Structures are given as C-alpha cells and as structure tokens.
Amino acid sequence: MVFPPVEETVLELCGDGTTSMTEAVERLKLICEKPIHLIEQEGEWGTLTALTVEYEDYINILFPPRHSLQYKVHCIYHELGHIFLESQNLASPQISQSLLKETKNAISVSCRHIEDDPVERWVEDFAFRMSKKTRVNSSPALDPFLC
Amino acid sequence: MRLILFALLSALILLRIPAVVKVKESRASWLASVFGLLALYSLGIVTPLETIDSYLGGVNVTNLLQAIFALLAIFFFNDSVRQLANIPRVSWTYYAPLLSIPIMITCFALIEDKRPTAANFIFPRMEQLATAAYSGIYMLALLFTVLRLVYMLRHKAKGLLAVFAAGMIVVAVACACHLTYVVLFHFTPWHEFALAIGSWFYRLFYLGLSVTAASWLILFLSKHLPRLRLWMTDALWLTALRIRVNADRSLFKPAWDFINETLEDGIYKSLIRLHNHEVTKLEAFPEPIKNRISRIEAKLGARI
C-alpha cells in the first residue's frame, strides 16, 4: 500500500502558513464527512494515550486528562492521522468491524501489533508535522541565504 | 585584511555545518564560503604561496586555482541569492560563468614561461595574448556573476542586505578596473595608465569582499543567536535526560535528533519521546523534572 506524502497531507489540512488544531479538525471533518468530537475521558488508561471510536455518523477521539497539553495534542494528531488514512481507504481500523462484533460481551480486549508498522510510522510523522504547523514557537521560515 | 576575511569565512563554515546537514537549500551559500576559503588559502595567507605552488609543479597553478575558486565562490553565492529572490534556474546564462573555467584552463596552459612562483604572476606576462585572455575572461565571468547577483537583490536590498549588495558593487568596480587594465595594457601603448587603473583591483576587491562577508556574518548571527539563547540549554538538557533514562532504543537517537532537526523540532521530539517513556514505564518523572518539562512545553506553545 502506498501512502500519500505526509507533507502534502499536512498542506492539504493546514494550508501554507500556521493554523490551529480546531481548524485542522474542521478540514478533516469535511474530508471524512463525519463530525469529529474530542473528548477528555477520565478512567484507567494504562499505556493507552488516545483512542478513536468510530460510529455510523460521527467519530469520537478520547484522551486522558492527565497528560500535558503538548502531549495530548500530539496524541490527538496521531489519531487524526489514522482517521485521514481510513477516510482515504489507505488503512483499515486497527480492530475491524467483524472482530469488533466478536468482542461484544468481552470484559477486556488486547491486541498485538507488528512493531514498526508503516501505518504507525506514517501517523506519527503526520502528528509531528501537524504539531509543527500549530506550534506557537515553531522553526523560522526557511531562508536559503542565511540558514 | 586577507587574514580577517579568512577568519570570518572559517567561522561561517563551522557555524553552518548543522544547517547544511539538515537543509539542502543552505548548501549553495555554504559551498560559496568553502570555495571562498579555498581561494583565500591558495593566495598563500596561511601556507606560503611558494610551498603550495611547489607541490603543484611550481608553475603558478595556484594563480589558476585562486581564479577558479573565487569564481565558484561567487557563482554559489549567486545561486543562494537566486533562491532568496525566488528566481527559477531557467536562463541559459545561469551556467555561462562556469563555461569560462575550461577556457581559463586552456589559456593558462598556453601561457609561456610560467616559472617562478609569484603573487603577481600575470603582470609581467601581460604582453602575451594567452595571459590577457586568461585574465580577461576570468574578470568578465566574475563581473557578469557579481552584477547579476546585485540585480537579483535589487528588491530585497534593505538594511544589512543593502550593505551586502554595496560590497558586491565594490567587487564589480574592482573587476571592471582589472578588465580595463587588461585591455589597455595589451591592446594600447598606455601601459602606465593601465597599471594605475589595475592597481585599484586588489584594494577594491578585498574591501568589497570584506564588507560583503562581514554584513552576511552579522545577518547570520542576528538571525541565529536569539534562537540559540532561547533553546540551546533546553535542547541539551532534554537530550541528556533522554540518554539518562534510556528513553530510546538506541543511544545515538537523542544525539541524532539534536543534530538532524531544527532546535525547536528536536526539543519537541525529545518531549514526546520522554512522555512516551513515562507512559510505557507507568511512572512519572520527579517533580523538578516535570516542572522543567512543563516550562519548556509552555515556551513551545500550541494553537488549539
């Protein structure tokens, strides 16, 4: 599977200059044609840092309140990366619909992922570049004469 | 004057190595400073001219090298200005100055009686057509490149960039003086007048280059010093913390991120890596470390 260049995707969502997370989420809503809700969720998170739950007509991104703002934003961007890839049919959800049905009455679900998964690498790079676009104090614009 | 220029260029080259590794757009101006330094070195200001030339056969090849390195330095500076001015590399004239290099080499080879090594190699041989062609083509290529560089800067030449452009104009005047000297000396009987004009070349050339290099260095430092002051300590502290707590699989990764990313991006990556480490180990950092991380994160800021 060939993923789109991360830089182009970020450009599509953020435009040329800097932007805010709200604006980026608004643009992604238009692409995936579903509302996306960001919900701070108390509870036992263990080593999970954020979670995307997709329903018929909306998507929830849940994240724990205990982390710092920068880290929460990074984890949300990571999940937005997954949503983008899924909206383009470039990656399926980590737990498919048929498997989800199997877990209907389960009291716990754990799964194994292949290490160094290309999807994970793509969304992590996406999160990094998105945060760069929405950071207040980012790297200065490129100056070939002085950089 | 030459030693000052040599020290300025050496400082520039060393300071810019990290940027050259990261950003390909910075390579043209970096190459310009490298060739500028090589040109100065081949003038014999560090190692005596006779010593360098003796390794090259003692036939004044150093003079040819000075010309080629200086031309390449100006050519690459011209390229970085082209990028600064957003001018595409479409015109056939773009590479024209480089065509003069093989012509210069041919003319140099045709000069008779090239020994002994001398700083003023061309002056006693200006009667020869090959010397006039060699020196004239070099100056013409230099003049063309410098004038094009100044022309490309015309809309941006404000403040220190104006000083930079002024330095280049002085270099252009120096080249014009030398060109006039070559033409008058070789093709007219007015040798005294030609020598008087030619004597202005070295004064103006090094004055112009020094003004250009100094204004560029001030521009460079004024852009980078505030960022270094703001982030360098944090970047080093976060890198050291990543190594200390074994936040990465490889010990080289923190150092690589520090070198390979801009300061702000390197800091961001370190912060995310450290938070990942906290989450996977299910233990928080001690309060003083957490406080410092919070302060750094606040400095980075995030637009929600």
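Residues numbered from 1 in each chain as written. Chains lettered and ligands numbered in written order. Predicted model: local features only at pLDDT ≥ 70, side-chain atom pairs only at ≥ 80, totals over all residues. Heavy atoms only, no water.

A.B. asks: Got a minute to help me understand the pattern of salt bridges in this structure?
C.D. replies: Opposite charge on two side chains lets them pair, provided their charged atoms get close. All names here are of chain A. Tallied over the entire structure, the rule returns 15 salt bridges over all chains. The shortest N-O distance in the salt bridge between K34 and E54 comes to 2.7 Å. Of this pair, K34 sits in the loop between α2 (21–32) and β1 (36–40) while E54 sits in strand β2 (residues 51–54), and the two are 20 residues apart along the sequence. The class for E54 is partly exposed, based on a relative accessible area of 44%. (Salt bridge = Lys/Arg side-chain N within 4 Å of Asp/Glu carboxyl O. Helix = DSSP H or I, 4+ residues; strand = E, 2+ residues; numbered from the N terminus. Buried < 20%, exposed > 50% of the residue type's maximum accessible area, 1.4 Å probe, protein only.)

A.B. asks: For this particular structure, what's the right way to read the domain arrangement of chain B?
C.D. replies: For interface size, the figure often reported is the accessible area lost on association. Looking at chain B, the domain boundaries give domain 1 (2–225) and domain 2 (245–300). Using C-alpha coordinates to define each centre, domain 1 of chain B is positioned 46 Å away from domain 2 of chain B. (Domains from an automatic or database assignment.)

A.B. asks: Any chance you could explain the nonpolar core here in plain terms?
C.D. replies: Nonpolar side chains tend toward joint burial in soluble globular proteins. Judged by nonpolar contacts, the single largest core of 75 residues is most densely connected at Y134, L142, L153, F164, M168 and F205 of chain B. Of all the elements in the fold, those that place two or more residues in this core are α1 (2–22), α2 (27–41), α4 (61–84), α5 (96–110), α6 (129–152), α7 (160–187), α8 (191–198) and α9 (200–244) of chain B. Those residues in contact with F205 of chain B, other than ones at most four positions away along the chain, are L142, V171 and A174 of chain B. The next biggest cluster of nonpolar side chains, apart from the first, holds 51 residues, and it includes F126 of chain A together with W231, V245 and Y268 of chain B. (Core = buried A, V, L, I, M, F, W, Y, C linked by side-chain atoms within 4.5 Å. Contact = heavy atoms within 4.5 Å.)

A.B. asks: How do you make sense of the packing of aromatic side chains when you look at a structure like this?
C.D. replies: Residues and elements named next belong to chain B. The tally for this structure, following the rule as stated, stands at 18 aromatic pairs over all chains. Aromatic side chains F108 and F121 sit 5.6 Å apart centroid to centroid with 50° between the ring planes, which places their arrangement in the tilted category. Taken together, the positions of F108 in helix α5 and F121 in the loop between α5 and α6 put the pair 13 residues apart, joining distant regions of the chain. Residues F108 and F121 agree in their burial class; the two are buried. Taken together, the ring pairs connect F35, F69, F75, F76 and Y95 into an aromatic cluster. Sitting over the face of the ring of W200, R203 holds its NZ or CZ atom 4.5 Å from the ring centroid. (Phe/Tyr/Trp six-rings, centres within 6.5 Å; stacked < 30°, edge-to-face > 60°. Lys NZ or Arg CZ within 6 Å of the ring centre and 35° of its normal.)

A.B. asks: Quick question: what am I supposed to make of the pairing of β2 of chain A here?
C.D. replies: Successive side chains on a regular strand alternate, one facing one side of the sheet and the next facing the other. Residue and element names in this part refer to chain A. Bridge analysis of β2 against strand β3 (residues 59–63) gives 4 bridges, and the strand direction is antiparallel. Directly across from V53, in β3, lies its bridge partner N60. Joining the antiparallel neighbours β2 and β3 is a turn of 4 residues. (Pairing = 2+ DSSP bridges.)

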